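Residue-level listing of the chains:
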Amino acid sequence: MRWHRQYGSSGSLGRRLAVVQRLIRSELARRGPGPLRAVSLCAGDGRDLLGAIASWPGRSDLVARLVDRDRTLIARGTRRLARMGLARVEFVPGDAGRTTCLEGAVPADLVLLCGIFGNVSDADVRRTVQHAPELCAPGALVIWTRGRFAPDLTPSIREWFARAGFDEVAFVSIPGSTASVGAHRLSASPRPYRRGVRLFRFLPAGARPSDRARSLRTGNKRAVSPPKKDTPRASIGEP
Ligand SMILES: C[S@@+](CC[C@H](N)C(=O)[O-])C[C@H]1O[C@@H](n2cnc3c(N)ncnc32)[C@H](O)[C@@H]1O
């Protein structure tokens, strides 16, 4: 199943989305009126950010770049943008795992890293967190997600954010699932943006950390086997 179809159900992905949107809305309320710059890596069709700002009176102040490599999702998100009349929000197709895609869009006040950390190696999660201050404006909020399936990486991720100069604003475990959402605010000084830095690469389907959660649910050992080299899977990423 393509990951975004799971949003249609009342499952954990929909509840995770609701938490991400609530955190975005409370950040908007905290900041009050005025310009807000946001970026979203592996944004999909942008439903977290676009849904959260739909009824925000200051939405025309939003300047945002949403990066994904799936052109179907980008086309859907772009149609939604047009309906919302948001002229300064853009979807950009490309490799979100490299900082080059953010040139001209950072430093940002809001950085969304949702649906990434369960699909990449632990070292890539750590690298992404370590480089996060290079994407941030002073006091920026980073919102991220990761499943808490064993071995639970979220304590380490929270520690890495602390070491990178962030304070924890929220950590929410979605009841009845392994899904979790974190929000960390940069309290240290931001660091200058650098283009060309590799943050992460999605692992092949079947080798992603999130596949462990699925295999536990289904009891299907094949869910964690790496794909055969000559038959790549069509999956574009799991939550
Ligand atoms: C699990 S989805 C998350 C989407 C969205 N952030 C959310 O939480 O609903 C992962 C997304 O990452 C995208 N993706 C995977 N690797 C990417 C890369 N290197 N560059 C850009 N997008 C990528 C996929 O196309 C997919 O839309």
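Here, every reference points to the structure presented above.
J.: Before we go on, may I ask you to explain the environment of Gly 176 in this structure?
T.: Following the sequence through the fold, Gly 176 ends up in the loop between strand S6 (166-173) and strand S7 (180-186). A sequence separation of 165 residues divides Gly 176 from Gly 11, and the C-alpha atoms of the two residues are 9.4 Å apart.

J.: Sorry, what's going on with the sheet that holds S6 here?
T.: Strand order in the open sheet made by the seven strands is S3-S2-S1-S4-S5-S7-S6, with mixed pairing throughout. What marks the edges here is a single partner per strand, and that holds for strand S3 (89-93) and S6. Taken pair by pair, the neighbouring strands of this sheet meet at an average axis angle of 15 degrees, ignoring direction. Where strand S1 (residues 36-41) meets strand S2 (residues 62-68), six bridges bridge the pair, whose relative direction is parallel.

J.: When you look at the packing of helix H4 (residues 122-131) against helix H5 (residues 154-163) in this model, what are you seeing that I'm missing?
T.: The description of two packed helices rests on the angle between their axes and on the distance between the axes. Where H4 meets H5, the axes come as close as 9 Å, and the angle between the chain directions of the two elements is 30 degrees. The angle between the axes of H4 and H5 places the two elements in the roughly parallel class. In this structure, H4 meets H5 at a crossing whose hand is right-handed. Where H4 abuts H5, its residues Asp 122, Val 125, Arg 126 and Val 129 lie against Ile 157, Trp 160, Phe 161 and Arg 163. Across the contact of H4 with H5, the residue classes tally to five nonpolar, no polar and three charged.

J.: Quick question: what am I supposed to make of unusual backbone geometry here?
T.: Apart from glycine, the bulk of residues carry a negative phi angle, and the bulk of peptide bonds sit in the trans form. Residues Val 106 and Pro 107 are joined by a peptide bond in cis, for which omega reads 10 degrees. Mapped onto the elements, Pro 107 comes out in the loop between S3 and strand S4 (108-113). The step from Ala 150 to Pro 151 runs through a cis peptide bond, and the omega angle for that step is -10 degrees. In this structure, Pro 151 sits in the loop between strand S5 (136-145) and H5.

J.: How should I be thinking about the nonpolar core in this particular structure?
T.: Nonpolar side chains tend to gather and get buried jointly when the protein is soluble and globular. Grouped together as the largest cluster of nonpolar side chains are 34 residues, with contacts concentrated most on Leu 41, Ile 116, Phe 117, Ile 157 and Phe 200. Elements that contribute at least two residues to this core include exactly S1, S4, H4, S5 and H5. The element that contributes the greatest number of residues to this core is S5, accounting for four residues. With sequence-adjacent residues up to four places away left out, Phe 200 is seen in contact with Leu 41, Cys 42, Ala 96, Gly 97, Ile 116, Val 120, Asp 124 and Thr 128. Grouped together as the second largest cluster of nonpolar side chains are 33 residues, Ala 43, Leu 50, Leu 62 and Ala 179 included.

J.: Would you mind going over the pairing of S4 with me for this structure?
T.: The side chains of a regular strand alternate between both faces of the sheet. Extensive coverage of S4 is indicated by the burial of six of its six residues. Relative to S4, S1 runs parallel, the two sharing three bridges. Paired with Val 39 across the two strands is Val 111, which belongs to S4. Across five bridges, S4 lies against S5 in parallel orientation. Each bridged residue has a counterpart across the sheet, and for Leu 112 the counterpart in S5 is Ile 143. A crossover links S4 with its parallel partner S5, the connecting element being H4, and its sense is right-handed.

J.: So what exactly am I meant to see when it comes to the pairing of S6 here?
T.: Strand direction decides the pairing type here: S6 and S7, joined by seven bridges, are antiparallel. When the sheet's bridge partners are listed, Val 172 is paired in S7 with Val 181. In this antiparallel pair of consecutive strands, S6 and S7, the connection spans six residues, and Gly 176 shows a positive phi of 75 degrees.

Basis of the calculations
Residues numbered from 1 in each chain as written. Predicted model: local features only at pLDDT ≥ 70, side-chain atom pairs only at ≥ 80, totals over all residues. Heavy atoms only, no water. Helix = DSSP H or I, 4+ residues; strand = E, 2+ residues; numbered from the N terminus. Pairing = 2+ DSSP bridges. Axes fitted to C-alpha atoms, helices over the stretch in contact; angles between N-to-C directions. Parallel < 35°, antiparallel > 145°, perpendicular 65-115°, else oblique. Left-handed = near helix turned anticlockwise from the far one by under 90°. Contact = heavy atoms within 4.5 Å. Nonpolar A, V, L, I, M, F, W, Y, C, P; charged D, E, K, R; others polar. Core = buried A, V, L, I, M, F, W, Y, C linked by side-chain atoms within 4.5 Å. Buried < 20%, exposed > 50% of the residue type's maximum accessible area, 1.4 Å probe, protein only. Right-handed = clockwise from strand over helix to strand, strands pointing away.

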